[in-house]
Amino acid sequence: MEKVVSEAEELPKAIVRRVVKDKLSDCSPDYDINVHKDALLAFSESARIFIHYLSATANDICKESKRQTMNAEDIFKALEEIEFSEFVKPLKASLAEFRMKNAGKKGEAAKEKEMKKKRKAEDSSVKSGTKTKQKKEDNDNEEEDDENEDEEDNNGSE
Amino acid sequence: MDSNQQAQSSSYPPQPPTSAITHAPSSTTAMATPPFHHHHLLQQQQQQLQVFWTYQRQEIEQVNDFKNHQLPLARIKKIMKADEDVRMISAEAPILFAKACELFILELTIRSWLHAEENKRRTLQKNDIAAAITRTDIFDFLVDTVPRDEIKDEPSLGGMVGATASGVPYYYPPMGQPAGPGGMMIGRPAVDPTGGVYVQPPSQAWQSVWQTAGAEDGSYGSGASSGQGNLDGQG
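Note that the coordinates shown come from a computational prediction; the quantities given were computed from them, not determined experimentally. (Residues numbered from 1 in each chain as written. Chains lettered and ligands numbered in written order. Predicted model: local features only at pLDDT ≥ 70, side-chain atom pairs only at ≥ 80, totals over all residues. Heavy atoms only, no water.)

Student: Now, about the nonpolar core: what can you tell me, with residues and values included?
Tutor: Of all hydrophobic cores here, the largest spans 63 residues; its most connected members are A:L11, A:F50, A:L54, A:L79, A:F84, B:F104 and B:F139. Where this core is concerned, the elements lending two or more residues are α1 (13–27), α2 (37–64), α3 (72–81) and α4 (88–123) of chain A together with α3 (73–81), α4 (93–118) and α5 (126–135) of chain B. The leading source of residues in this core is α4(B), at 13 residues. Look past the residues within four positions of A:L11 in its chain and what remains in contact with it is A:V16, A:S44, A:A47, A:R48, A:I51, B:L71, B:R75, B:I76, B:I79 and B:C101. (Core = buried A, V, L, I, M, F, W, Y, C linked by side-chain atoms within 4.5 Å. Buried < 20%, exposed > 50% of the residue type's maximum accessible area, 1.4 Å probe, protein only. Helix = DSSP H or I, 4+ residues; strand = E, 2+ residues; numbered from the N terminus. Contact = heavy atoms within 4.5 Å.)

So this is what it looks like as structure tokens:
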């Protein structure tokens, strides 16, 4: 069965709306600013195009360095190139935070896997335990096309 | 006389032990040692409560950590992958993109709001966003993305405001620059007859072209109008 190519994926309206409205209440604390429905769509679309723009730029930079996988450095360089350098600092901070948290989680997850492995070894075969652990390590470092979908969803769904 | 044990596993009955709620054995002796034991019990309970609430707080904070990502990573990844050139991306990439997107929306919001403020409106409209895009160089890449509506008659800052074929008001600086490169006119007098399509010259050149008042520069007016109103078929 052929997959129908539908319209482009969009960012969730509710989240875009929240970001916009929160900022507007900063800008205008005394009275409410409303956002027209069309304006909200325009925000969404603009953000989507921004992703493409940044992504394409980062991708080029990545390819120039003869690598296959777009990484954080590529993205920072891309931001400079498209003149959004003021984003770099907050993004680096965000990334550092994420890495710290992940290190903690990884530690715990690794421990759990170790324990599972031990238990399984005591019972019967070790096979599945080893496999799972290996898969996780692979996934952590690099991302294949769509394999990592679930893991990502766990991290980032709203 | 070992009433002490009885109370340890359940709540200490505040009433006189003869009520014997939970402790049948040797309840009468419970009253003999209330002060010290009671205190000890309360301490235990408080400790348990503290542990409980600390754990709850941690739980809540963890949920918020997920919320901080806001934009869903899987969706962002899909958007990125819509570009066939983009193949493999590190696991951190969507996280950076989510944050970058958020920052971008904030920027666009502020600038759009400024436009609404200038026009004394309390509702943000699409043309506010369009204006923000026009005004900000780094938003040039968006020039195709936010199609303009028919121009709304809003008084602009100083000078003459002309409607272009695209419907965005242009501000004419007091000192005009020569009309832009070649055929790249803001007014785009070569109106696209199909109307809906917004034909774009490269945005940079586009952006930097300022026109003097339309009358001086014939090319602007050649689209069968010399100013506002040439919006048929547009938008």
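Student: Just give me the short version of the pattern of salt bridges, but keep the residues and values in it.
Tutor: Residues and elements named next belong to chain B. Tallied over the entire structure, the rule returns eight salt bridges over all chains. Notably, a salt bridge pairs R135 with E118, separated by 2.6 Å at the nearest N-O pair. Of the two residues, R135 is situated in helix α5 and E118 in helix α4; the sequence distance between them amounts to 17 residues. For R135, a relative accessible area of 35% corresponds to the partly exposed category. Of the charged contacts in the structure, one is a salt bridge between D128 and R121, with a shortest N-O distance of 2.7 Å. R121 matches D128 in its accessibility class, with the two residues each being buried. (Salt bridge = Lys/Arg side-chain N within 4 Å of Asp/Glu carboxyl O.)

Student: Before we move on, can you summarise the packing of α3(A) against α4(B) with the specific residues and values?
Tutor: Orientation of α3(A) relative to α4(B), taken along the N-to-C sense of each, is 30°, at an axis distance of 9 Å. With respect to α4(B), the axis of α3(A) lies roughly parallel. Considering the relative orientation of α3(A) and α4(B), their crossing is right-handed. Facing α3(A), whose interface residues are A:A72, A:I75 and A:F76, α4(B) presents B:A93, B:L96 and B:F97. (Axes fitted to C-alpha atoms, helices over the stretch in contact; angles between N-to-C directions. Parallel < 35°, antiparallel > 145°, perpendicular 65-115°, else oblique. Left-handed = near helix turned anticlockwise from the far one by under 90°.)

Student: Could you give an account of the packing of α1(A) against α4(B), with specific residues and numbers?
Tutor: Where α1(A) meets α4(B), the closest approach of the two axes is 9 Å, and the angle between their N-to-C directions is 50°. Considering their axes alone, α1(A) and α4(B) lie oblique with respect to each other. For α1(A) against α4(B), the interelement crossing comes out right-handed. In this structure, α1(A) uses A:V16, A:V19, A:V20, A:K23, A:L24 and A:C27 to contact α4(B), whose residues at the interface are B:E102, B:I105, B:L106, B:T109, B:I110 and B:W113.

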